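One letter stands for each residue in the lines below.
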Amino acid sequence: MLKFNLIAAVCENFGIGFNGDLPWSLKSEYEYFTQTTKRRGDSTKQNVVIMGRITYLSIPKHQRPLIERLNVVLSTSMRPNELPGNVLLFPNLETAMWRLEQTDFCYKIETVWIVGGSGVYKEAMFSPRCHRLYITKIYQQFKCDVYFPEIPTAFKEIGPDPETPRGVQEENGVQYEYKIWQKQL
Ligand SMILES: NC(=O)c1ccc[n+]([C@@H]2O[C@H](COP(=O)([O-])OP(=O)(O)OC[C@H]3O[C@@H](n4cnc5c(N)ncnc54)[C@H](OP(=O)(O)O)[C@@H]3O)[C@@H](O)[C@H]2O)c1
């Protein structure tokens, strides 16, 4: 079974988004997202990023699709011709995973990352495919209109992996910390 990890930045009031964008501007945190979702041990393989329609459209036009990763968009209302030819479109997460598994491309995938938004995170965390949650805890409240769902109790916090910067980070006066949860078997 093809598994996935989830990556999100969440503020103190559990918000992740506001007005179709991120509620904060944290350049290094976004760089961590980019580096983490791009990282591969085997350079012949590729990572996949799976996201909901609104998250995909929230990426500035000149930055999408996200480079060096296969972009998959989940939507029932978009048509394939509304997306670049190298972006895959599926109606929901399980269909996307099942279709990725069926193709020869499956052997070329290293890590599948779920990158939001709210409903996609929820569906992902309750899937048996979900392995780890990479969550940046932002130690400040922000005005938000989209929130991170409650983490199921099966997930327990583990120590940072060697690639994760340790301890409290600070940018523009905002403190945050990189955390990892893993599903306990
Ligand atoms: N802080 C973070 O780490 C982070 C990460 C990602 C996004 N964001 C922010 O979150 C906001 C976007 O998230 P969002 O939750 O509003 O929208 P979203 O999840 O990006 O997109 C929602 C759409 O995705 C489709 N979809 C497919 N499967 C779904 C499922 N299981 N659950 C829900 N939708 C599904 C539906 O499209 P159709 O209606 O076409 O069927 C739905 O309307 C933005 O503000 C963005 O900046 C923050």
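Up top is the structure these notes are about.
Residues numbered from 1 in each chain as written. Predicted model: local features only at pLDDT ≥ 70, side-chain atom pairs only at ≥ 80, totals over all residues. Heavy atoms only, no water.

A.B. asks: How do you make sense of the side chain of Asn47 when you look at a structure like this?
C.D. replies: Structurally, the position occupied by Asn47 is in strand 3 (residues 46–52). A polar side-chain atom of Asn47 sits 3.5 Å from the main-chain carbonyl oxygen of Lys38. Separated by 3.0 Å, the side chain of Asn47 and the backbone nitrogen of Thr111 make a polar contact. The contacts of Asn47, once residues within four sequence positions are left out, are Thr37, Lys38, Arg39, Arg40, Arg69, Leu70, Glu110, Thr111 and Trp113. (Helix = DSSP H or I, 4+ residues; strand = E, 2+ residues; numbered from the N terminus. Polar contact = N/O pair within 3.5 Å; in protein donor to acceptor, adjacent residues only side chain to side chain. Contact = heavy atoms within 4.5 Å.)

A.B. asks: Hey, could you run me through the packing of aromatic side chains in this one?
C.D. replies: Two aromatic rings, taken as a pair, are described by how far apart their centres are and by the angle between their planes. Applying the stated criterion to the full structure yields 6 aromatic pairs. Plain terms: the ring middles of Trp24 and Phe142 are 5.4 Å apart, the flat faces sit at 65 degrees to each other, and that makes the pair edge-to-face. Taken as a pair, Trp24 in the loop between strand 2 (15–17) and helix 1 (27–38) and Phe142 in the loop between strand 7 (130–138) and strand 8 (146–147) lie far apart in primary sequence, 118 residues in all. We classify Trp24 as buried; its relative accessible area is 9%. Assessed through its relative accessible area of 17%, Phe142 is described here as buried. Each member of the aromatic cluster is reached from another via a ring pair, and the members are Tyr32, Tyr176 and Tyr178. (Phe/Tyr/Trp six-rings, centres within 6.5 Å; stacked < 30°, edge-to-face > 60°. Buried < 20%, exposed > 50% of the residue type's maximum accessible area, 1.4 Å probe, protein only.)

A.B. asks: Just to check I follow, could you spell out the site of the ligand for this structure?
C.D. replies: The immediate surroundings of the ligand are formed by 28 residues, with Thr55, Ser75, Thr76, Ser77 and Glu123 found nearest. At 2.4 Å, a side-chain N or O of Thr76 approaches an oxygen atom of the ligand. Surface burial for the ligand is 81%, taken as the share of its 910 Å² of free accessible area covered by protein chains. Taken together, the elements giving at least two residues each to the shell around the ligand come down to strand 1 (4–11), strand 2, helix 2 (53–58) and helix 4 (118–125). For the shell around the ligand, the leading source of residues is helix 4, giving 5 residues. Of the residues contributing to the shell around the ligand, the split by class is 13 nonpolar, 12 polar and 3 charged. (Near = heavy atom within 4 Å. Areas by Shrake-Rupley, 256 points an atom, 1.4 Å probe, with all protein chains shown as cover. Nonpolar A, V, L, I, M, F, W, Y, C, P; charged D, E, K, R; others polar.)

A.B. asks: What exactly am I supposed to notice about the pattern of salt bridges here?
C.D. replies: Pairs can form between side chains of opposite charge whenever their charged atoms are close. Per the stated rule, a full pass over the model turns up 6 salt bridges. Between Lys38 and Glu68 there is a salt bridge, with the nearest N and O atoms lying 3.6 Å from each other. Here Lys38, found in helix 1, pairs with Glu68, found in the loop between helix 2 and strand 4 (69–74); they are 30 residues apart in sequence, far enough to count as distant. In this structure Lys38 comes out as buried when scored by relative accessible area, which is 18%. One salt bridge in this structure joins Lys179 and Glu177, with 3.9 Å as the shortest N-O distance. Like Glu177, Lys179 is buried. Salt bridges linked by common partners bring Glu94, Glu101 and Arg129 together as one network. (Salt bridge = Lys/Arg side-chain N within 4 Å of Asp/Glu carboxyl O.)

A.B. asks: What should I look at first to understand the nonpolar core in this one?
C.D. replies: Side chains that are nonpolar tend, in soluble globular proteins, to be buried together. Of all hydrophobic cores here, the largest spans 29 residues; its most connected members are Leu6, Ile50, Ile114 and Phe148. Those elements that provide at least two residues to this core are strand 1, strand 3, strand 4, helix 3 (93–102), strand 6 (109–114), helix 4 and strand 7. Discounting chain neighbours no more than four positions away, the residues touching Leu6 are Trp113, Ile114, Tyr121, Ala124, Met125, Arg132, Leu133, Tyr134 and Phe148. Within the second largest apolar cluster, 27 residues are counted, among which are Tyr32, Val73, Ile138 and Tyr176. (Core = buried A, V, L, I, M, F, W, Y, C linked by side-chain atoms within 4.5 Å.)

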